[in-house]
Amino acid sequence: MTVSQALQAFSTRPDVLYAEPNYLVRVFATPNDPRFSELWGLHNTGQTGGTPGADIRAPEAWDLTTGGSDVVVAIIDTGIEYGHPDLAANVFQNTADCNNNGIDDDGNGFVDDCYGVNVWSTNHNAFVRDDNGHGTHVAGTIGAAGNNAVGVVGVNWTTKILACKFLNGNGEGSTADAIECLDYVATMKDRGANIVASNNSWGGGGYSQALRDAIDGHRQRGILFVAAAGNDTANNDTLQTYPCSFDVPNIVCVAATNDADGLSFFSNYGKNSVHLGAPGQHILSTVPLDLGLGGYAYFSGTSMATPHVTGAVALIHSLYPGIDWRAVKNRILAGGDIVSSLDQTVTGRRLNLFGALTCSNSTILSRTQPLSSVLNSYIGRPITLSALHINCAAPNGDVTVTVSPTGEAITLLDNGLGSDIGAGDGVYSGTWTPSSAGVFTLTFPNQDVVTVNIDPDVQAGFPVKAFQDGATGGIPWRIALVADLDGDSRLEIIASSVSFAASNGYNVLNAWNASGVPLSGWPVSTSEIPFPAAGELSRLHPGNEVFVLNTTALEAYDGTGASLPGWPRSAARPSVFRTPPALADIDGDGIDEIFVAENDNQLHAYRADGTVLPGWPVSRLSVPFASTPAIADLDGDGSLEIVAVSYDQLNAYHSNGTVVAGFPVTLPFQGVNAPFR
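Predicted model, so just to flag it, every value in this text is computed and none were measured.

(A) Geometry of the overall build of the chain. Along the backbone of the chain there are 8 helices and 36 strands. For the C-alpha atoms alone, the extent of the chain along its principal axes is close to 120 × 70 × 50 Å. Looking at the chain residue by residue over its 677 residues, the buried ones come to 54%. Taking the intrachain contacts of the chain between residues at least 6 apart in sequence as the baseline, contacts between residues at least 24 apart amount to 61%. In the structure as shown, the chain presents an accessible area of about 27,000 Å², 53% of it carried by carbon and sulfur atoms. Taking the average place of the 30 positive charges on the side chains of the chain and the average place of its 66 negative ones, the gap between the two points comes to 6 Å.

(B) A look at the layout of surface pockets. Considering only enclosed or pocket space, the second largest pocket measures out at about 320 Å³ in volume. Lining the second largest pocket are 20 residues, with Leu-167, Gly-173, Trp-202, Gly-203 and Gly-204 positioned closest to its centre. Residues belonging to the lining of the second largest pocket are distributed by class as follows: 7 nonpolar, 12 polar and 1 charged.

(C) Broad picture of the packing of helix α3 (residues 134-143) against helix α6 (residues 302-319). Where α3 contacts α6, the two axes come as close as 8 Å, and the packing angle between them is 35 degrees. The handedness of the crossing between α3 and α6 is right-handed. Along its contact with α3, which presents His-134, His-137, Val-138, Thr-141 and Ile-142, the element α6 presents Ser-303, Met-304, Pro-307, His-308, Thr-310 and Gly-311. Taken together, the residues of the contact of α3 with α6 break down into 4 nonpolar, 7 polar and no charged.

(D) Molecular detail of the sheet that holds strand β29 (residues 582-584). Sheet architecture is open: 4 strands sit in the order β29-β30-β31-β32, paired in antiparallel fashion. With one partner strand each, in any of the chains shown, β29 and β32 (618-619) form the two edges of the open sheet. Sheet topology places strand β30 (residues 593-597) next to strand β31 (residues 602-606); 4 bridges connect them, and they run antiparallel. What sits directly across from Ala-597, in β31, is Leu-603.

Conventions and cut-offs
Residues numbered from 1 in each chain as written. Predicted model: local features only at pLDDT ≥ 70, side-chain atom pairs only at ≥ 80, totals over all residues. Heavy atoms only, no water. Helix = DSSP H or I, 4+ residues; strand = E, 2+ residues; numbered from the N terminus. Buried < 20%, exposed > 50% of the residue type's maximum accessible area, 1.4 Å probe, protein only. Contact = heavy atoms within 4.5 Å. Areas by Shrake-Rupley, 256 points an atom, 1.4 Å probe, with all protein chains shown as cover. Lys, Arg positive; Asp, Glu negative; His and termini not counted. Charge placed at Lys NZ, Arg CZ, Asp CG, Glu CD. 1 Å grid on protein atoms, 1.4 Å probe; cavity = no way out; pocket = protein on both sides within 12 Å on 5 of 7 lines; lining within 4 Å. Points joined across faces, edges and corners; volume = space filled by probe spheres on them. Nonpolar A, V, L, I, M, F, W, Y, C, P; charged D, E, K, R; others polar. Axes fitted to C-alpha atoms, helices over the stretch in contact; angles between N-to-C directions. Left-handed = near helix turned anticlockwise from the far one by under 90°. Pairing = 2+ DSSP bridges.

Quick look at the structure:
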């Protein structure tokens, strides 16, 4: 007799009130790690004063699986403390190169890379020891050994951790080194390591096609790229934060939540760009022993939220061997808990580890492109549309976007063709091309509306984007100019992108041709806020060159974005209050000289090769020059003079630095020493 038959039989008896199964129950898997009770992100009982249950439901998930040692995750960070007593058992070992013999035994390009590689160091070695603490903290959240009666426990108790160090002891690194780490991970995957994800708790800098291509290379190998959303309290839909903001479908971008299921005060967000949240505030995990903290510390940041998701990726692979990266990502997104504080994310959800493992009939429909709800464009320019549409692990069907007032219906497909990057990933894509001017509304099936303004007077190829954040106080720091950069007699457009609030990586010079197409070699990073001018600085390159004054340096670039010989050089006085330099050929040799106020009490002049012009700089006692010089033939003698303002005086100089007769003159008001005058 089956259980259902027995229930039916007993239910018909008059002396039986009701019949039900006698279920077998068991305790949830709880590790014996002594500091597990402090890990509110895994199991929140209110122990930190937060909300009980505002966690990822780890014990419930561990009742299904605690992980597997055949799954590998790569940590691209500051390195790891591979000898830490809570990590050592789970550190990946590239056994062919664990003999410390000074030879690249496995032929992967690195010598003795037993635990991973260090690409930050000049000699690119295998010394992956963490000299910061960040990478080790990340590692502990992902895979600190579970049930070993030591310290804490990771999301996956036994996953293997492969380290690639590209950040130095200050937590700083370069895009090129990040790419080298990604290439190393790809090589190890190609050589048989079962790498299922990389953890990327870092970001900053502008758009890099090379970095995007490296991430896409991981997609092609089935590796998820889990990235931090950033800690600028910023909207990633308007302030793109890379690598989180790349349009590559194997990226999972993670915001941080606190112990009350609120969005952490520092966390970035993005309705169409940040996928979900995870615990990231006051997180306990492993740190290097030599930090003097006893091997454990509390950190906060989206860097701490990200490894919760990376650990989830590894745990799903442990329960479902051979599962596709698409299904893993979608389980994580659809299996989360809906949390009101995360309404400005793609899913509106916080990671639920148990939900990801057991996801059933949970659907998501959310726009991912365009990022903005209001667009300005022109006739004939295609606009990319995309939406995440999934039911747990699986794609959930084509998405139709309606256009008003034309009545068009745009079908978004998940077929890997055209604007759709990857087939079967649950992201449905398509394009709409406006054929007339006007105001249009594009409505997604969830009633998410995008307004598109099509201006008939906008030249094809425009508008283009040159970023400025809101921390400039309304001051128009962004500068645009035109010049013939490639010598074809047609003008190109140069414009600065400016950021005060975010990383200096957003401070770049952009260049486009007259059709709005970026010039090869541009944008160039100026590290700090750029103030550009254009002129003729080289006979070796056709067209004009660009000269830049920024906060601390003077720089010069040819039309391909390459630095000119003799530059950069340090500015006389660091300052954010800058004005563009002035360029003019004062000696008639066909090459411009450079005149620039560097916010000291001198006006400086340089030849195009960076040498100082004879007779310069000129001084005005303790009164600084703080304006762009004007250059003209004031007296009609065929030679140019240089005019500049210093505080309340107007100054004029001959090309040899001597004062023009009759100058300086006092201005009819007492001016302010400001850059825009």
